[in-house]
Amino acid sequence: MMSMNAKHPLLILCACLLAFGSRARGQWITDPDYESHAQRGIFEVYNLEFEKAESDFQYLCAKYPAHPSGKFFLAMVDWGRITLDIDNESMDERFIQKLDDVIEMCDKILDDDDNNVAALFFKGGALGFRGRLYAHRGSWMKAANDGRLALPIVQQAYRISPGNYDILLGIGIYNYYAEVIPQQYPVVKPVMIFFPSGDKNKGIRQLIQAGQHAKYASAEANYFLLQLYYSFEKQYDKGVELGRQLLERYPKNVLMHRYLGRCYAGLTQWKETRETFKEVIARCNNGYTGYSPIARREALYYLGLSEMNLGRYDAALASFYQCDELCRKLETRLESGYMQLSNLKIGMIFDLQSKRQLALDQYAKVKRLKNFDNSHDLADRYIQSPYIK
């Protein structure tokens, strides 16, 4: 099942995104001290140790004030925080201002040398991330314009340095999503006429190469692969393999943790799904960074789904009821779909327990909620005929 809080149409802007591939190339600054702080800071961002990452990147800004990498890295710390609660707009203005500062700095460098690969990297990355945020906020014209500006910058950088695996991340992302997104979401096709056509298979190969060989972008390339294996390719076995590797490397990353659990569910490996999301809930209880009520909501749903498929109906009901309760606290503006599906599953369990009237009450409740995916159709089906396993 696709993640209910994913915003896949927005990934069109990722096509023009350099992401961590746009982060500093060590050969530009040969000082080992720089390399040490850059690599450690990048690890800390992925491991959600944001305060430590800020300290490392502020050091780079102070020691290398004429280089755009430090400013860009600091913006990426903010992006890491934003992605943990993407619907929270409180950090938007600060994030955009930091990206604007990077773009201005890169423009000054490019005025003197229009083939400066470092400046191209960071300007393209800043435009890509700014456009990505605009897309999440529904500012489609601004998002499309940033994508239009970012793409030729990525392409120019790749022409200058075609053997650079970090740049290959941005090219791979573009090739994949430029083909997939218009197929999945026809509404974006009019926008895509302004962009070159894509090749998803080539994009996957490029992302794999970046994941294996890039100096700075390997984790980001692998994270993109994890997302596409789950969301689009439905290659859950590859997602599990990659998710386990990433979580071993970045054990505090809640997003990777959740994707791993989803891939287990995609494979119907319910014991592994249950154990993964039980660990997510335990980390929520212990206050780990990023293991928020949003993560708990998802974990409760998948824990209920696991227990249901393992025949542990009372345990499943307990999880679904907790998920429903949490949804009512969290979803004051935007619905995730977990409420609808949790209530639907409760009705299905009541049918399995031969509690038909309780099941009918649940299906009627689902019908009163906003339709999510095919929740209303399924409720109608089970009103007409009881759910059977």
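All values reported here derive from a predicted model rather than from experimental measurement. (Residues numbered from 1 in each chain as written. Predicted model: local features only at pLDDT ≥ 70, side-chain atom pairs only at ≥ 80, totals over all residues. Heavy atoms only, no water.)

**Observations concerning the overall build of the protein**
Next, step 1: For the protein, the count of helices and strands is 18 helices and 0 strands.
Next, step 2: Computed over its C-alpha atoms, the radius of gyration of the protein comes to 22 Å, within 12% of the 21 Å expected for a compact globule of 389 residues.
Next, step 3: In terms of its C-alpha atoms, the protein occupies a principal-axis envelope of roughly 75 × 45 × 35 Å.
Next, step 4: The buried share of the protein, taken over its 389 residues, is 57%.
Next, step 5: Put simply, of all contacts in the protein between residues at least 6 apart along the chain, 65% involve residues at least 24 apart. (Helix = DSSP H or I, 4+ residues; strand = E, 2+ residues; numbered from the N terminus. Rg over C-alpha atoms; globule rule 2.2 N^0.38 Å. Buried < 20%, exposed > 50% of the residue type's maximum accessible area, 1.4 Å probe, protein only. Contact = heavy atoms within 4.5 Å.)

**Some thoughts on the side chain of Glu331**
Next, step 1: Relative to the assigned elements, Glu331 resides in the loop between α15 (313–330) and α16 (338–352).
Next, step 2: Within the structure, Glu331 has its side chain in polar contact with the side chain of Arg297 (distance 3.1 Å).
Next, step 3: Excluding residues that lie within four positions of it along the chain, Glu331 makes contacts with Arg297, Ser336 and Met339. (Polar contact = N/O pair within 3.5 Å; in protein donor to acceptor, adjacent residues only side chain to side chain.)

**Things to note about the environment of Gln357**
Next, step 1: Mapped onto the secondary structure, Gln357 falls in helix α17 (residues 356–368).
Next, step 2: Residue classification places Gln357 among the exposed positions, given a relative accessible area of 52%.
Next, step 3: Along the primary structure Gln357 and Gly347 are separated by 10 residues, whereas in three dimensions their C-alpha atoms are 9.4 Å apart.

**Here we look at helix α2 (residues 50–63)**
Next, step 1: The terminal C-alpha atoms of α2 lie 20 Å apart, and with 14 residues this matches the ideal 20 Å at 1.5 Å per residue to within 8%.
Next, step 2: For α2, the full list of buried residues reads Phe50, Ala53, Glu54, Asp56, Phe57 and Leu60. Mapping the buried residues of α2 onto a view down its axis gives an arc of 165°, with all of them on the same face. Exposed residues pointing more than 90 degrees away from the buried face of α2 are listed as Glu51 and Ala62.
Next, step 3: Each element contacted by the buried residues of α2 is listed here: α1 (32–46) and α3 (69–84). (Expected span 1.5 Å × (residues − 1). Arc of directions from axis to C-beta.)

**Thoughts on the pattern of salt bridges**
Next, step 1: Following the criterion strictly, the structure yields 29 salt bridges and no others.
Next, step 2: Close ionic contact of Lys108 with Glu104 constitutes a salt bridge, the shortest N to O distance being 3.9 Å. A residue pair is termed a helical-turn pair when its members lie 3 or 4 positions apart in one helix, as Lys108 and Glu104 do in helix α4 (residues 92–112) at 4 residues.
Next, step 3: Among the residues examined, Glu104 registers a relative accessible area of 46% and is labelled partly exposed.
Next, step 4: Residue Arg312 pairs with Glu307 through a salt bridge whose shortest N-O separation is 2.5 Å.
Next, step 5: With a relative accessible area of 7%, Glu307 lands in the buried category.
Next, step 6: The network of salt bridges with shared partners includes Glu51, Glu54, Asp78, Arg81, Arg94 and Lys98. (Salt bridge = Lys/Arg side-chain N within 4 Å of Asp/Glu carboxyl O.)

**Describing the environment of Gly311**
Next, step 1: Mapped onto the elements of the fold, Gly311 is located in the loop between α14 (293–309) and α15.
Next, step 2: Placed 257 residues apart in sequence, Gly311 and Glu54 show a C-alpha to C-alpha distance of 47 Å.

**Some words on the packing of α16 against helix α18 (residues 375–384)**
Each packed pair of helices is defined by two parameters, the angle between the axes and the distance between the axes.
Next, step 1: Between α16 and α18, whose axes approach to 10 Å, the crossing angle comes to 15°. In terms of orientation, α16 and α18 fall into the roughly parallel class. Taken as a pair, α16 and α18 cross one another with a handedness that is left-handed. Seen from α16, the contacting residues are Gln340, Leu344, Met348 and Asp351; seen from α18, they are Ser375, Leu378, Ala379 and Tyr382. (Axes fitted to C-alpha atoms, helices over the stretch in contact; angles between N-to-C directions. Parallel < 35°, antiparallel > 145°, perpendicular 65-115°, else oblique. Left-handed = near helix turned anticlockwise from the far one by under 90°.)

**With respect to the nonpolar core**
Next, step 1: Within the largest apolar cluster, 121 residues are counted, with the highest numbers of intra-cluster contacts made by Phe57, Phe95 and Leu344.
Next, step 2: The leading source of residues in this core is helix α5 (residues 117–136), at 11 residues.
Next, step 3: In contact with Phe57, not counting residues within four places along its chain, are His37, Ala38, Gly41, Ile42, Val45, Gly70, Phe73, Leu74 and Val77. (Core = buried A, V, L, I, M, F, W, Y, C linked by side-chain atoms within 4.5 Å.)

**Examining the side chain of Glu49**
Next, step 1: Position of Glu49 among the secondary structure elements: in the loop between α1 and α2.
Next, step 2: Glu49 sits in the buried class, given a relative accessible area of 13%.
Next, step 3: Beyond its immediate chain neighbours, meaning those up to four positions away, Glu49 contacts Phe43, Glu44 and Lys252.

**Quick notes on the packing of aromatic side chains**
Next, step 1: Tallied over the entire structure, the rule returns 22 aromatic pairs.
Next, step 2: Note on Tyr176 and Tyr177: the rings are 5.1 Å apart at their centroids and 85° apart in plane angle, and the pair reads as edge-to-face. Comparing Tyr176 with Tyr177, the two get one shared label, buried.
Next, step 3: Ring centres of Tyr230 and Tyr259 lie 5.9 Å apart, and the angle between their planes is 80°; this geometry places the pair in the edge-to-face category. Taken together, the positions of Tyr230 in helix α10 (residues 218–231) and Tyr259 in helix α12 (residues 254–266) put the pair 29 residues apart, joining distant regions of the chain. (Phe/Tyr/Trp six-rings, centres within 6.5 Å; stacked < 30°, edge-to-face > 60°.)

**Quick word on unusual backbone geometry**
Most peptide bonds are trans, and most residues other than glycine sit at a negative phi.
Next, step 1: Of note in this structure, Leu48 is not a glycine but carries a positive phi near 60°.
Next, step 2: Judged by its relative accessible area of 7%, Leu48 is buried.
Next, step 3: Despite not being glycine, Ser354 shows a phi value in the positive range, around 60°.
Next, step 4: Along the polypeptide, Ser354 turns up in the loop between α16 and α17.

Geometric descriptors of this kind do not, in isolation, establish any biological role.
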